[in-house]
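# Coordinate inspection notes
Spelled out, the chains give:
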Amino acid sequence: QLELVESGGGLVQPGGSLRLSCASSGSIFSVYHMAWYRQVPGKQRELVAAISTGGSTNYADSVKGRFTISRDNAKNTVYLQMNSLQPEDTAVYYCAGRHVMGSTPYWGQGTQVTVSS
């Protein structure tokens, strides 16, 4: 079972940057596709960015050109670099992993990102 712990959230002014980290344990990280999701109260959780085991990435249209997902298999960690943050990026951000041969997603506990002046 993959265990995930996010960190790096916080309060940032519009136009600022944050880097989220998601550290994994309990399983072989390199065989998991990884992703970042976000959720605001009253709305469905939405995909922000994803990275495959081979390093292919995809992004929600709303974050293209501003956010970058990356992974370091040696450190069992996936990152989300967020630049040019806007108030609409305010949400709880969740890390998720899915084994290449499986369908069950594993979730972290989430980290709050608040963009406000």
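Everything that follows concerns the structure shown earlier in this document.
On a predicted model such as this, the values are computed, not experimentally measured, just so you know.

### Observations concerning the state of the cysteines
- For the structure on display, the rule yields one disulfide.
- Each sulfur in the disulfide pair Cys-22 and Cys-95 lies 2.1 Å from the other. Sign of the S-S torsion, about -80° for the bond between Cys-22 and Cys-95, identifies this disulfide as left-handed. Taken together, the residues Cys-22 in strand 3 (residues 18-25) and Cys-95 in strand 9 (residues 91-99) connect sequence positions 73 residues apart.

### A short note on unusual backbone geometry
- Despite not being glycine, Asn-76 shows a phi value in the positive range, around 55°.
- The topology assignment puts Asn-76 in the loop between strand 7 (67-72) and strand 8 (77-82).
- In the Ramachandran plot, Ser-84 falls in the positive-phi region, its phi being about 50° despite a non-glycine side chain.
- Tracing the backbone shows Ser-84 in the loop between strand 8 and strand 9.

### Re the pattern of salt bridges
- By the definition in use, this model includes four salt bridges.
- Among the ionic pairs, Asp-89 bridges to Arg-38, the shortest N-O distance being 3.0 Å. Of the two residues, Asp-89 is situated in the loop between strand 8 and strand 9 and Arg-38 in strand 4 (residues 32-39); the sequence distance between them amounts to 51 residues. Neither residue differs from the other here; Asp-89 and Arg-38 are each classed as buried.
- Lys-64 is the salt-bridge partner of Asp-61, the closest N and O atoms lying 3.1 Å from each other.
- Three or more residues joined by partner-sharing salt bridges are found here, namely Arg-38, Glu-46, Arg-66 and Asp-89.

Reading the values: rules and limits
Residues numbered from 1 in each chain as written. Predicted model: local features only at pLDDT ≥ 70, side-chain atom pairs only at ≥ 80, totals over all residues. Heavy atoms only, no water. Disulfide = S-S within 2.5 Å. Helix = DSSP H or I, 4+ residues; strand = E, 2+ residues; numbered from the N terminus. Salt bridge = Lys/Arg side-chain N within 4 Å of Asp/Glu carboxyl O. Buried < 20%, exposed > 50% of the residue type's maximum accessible area, 1.4 Å probe, protein only.

Structural measurements only, silent on function.
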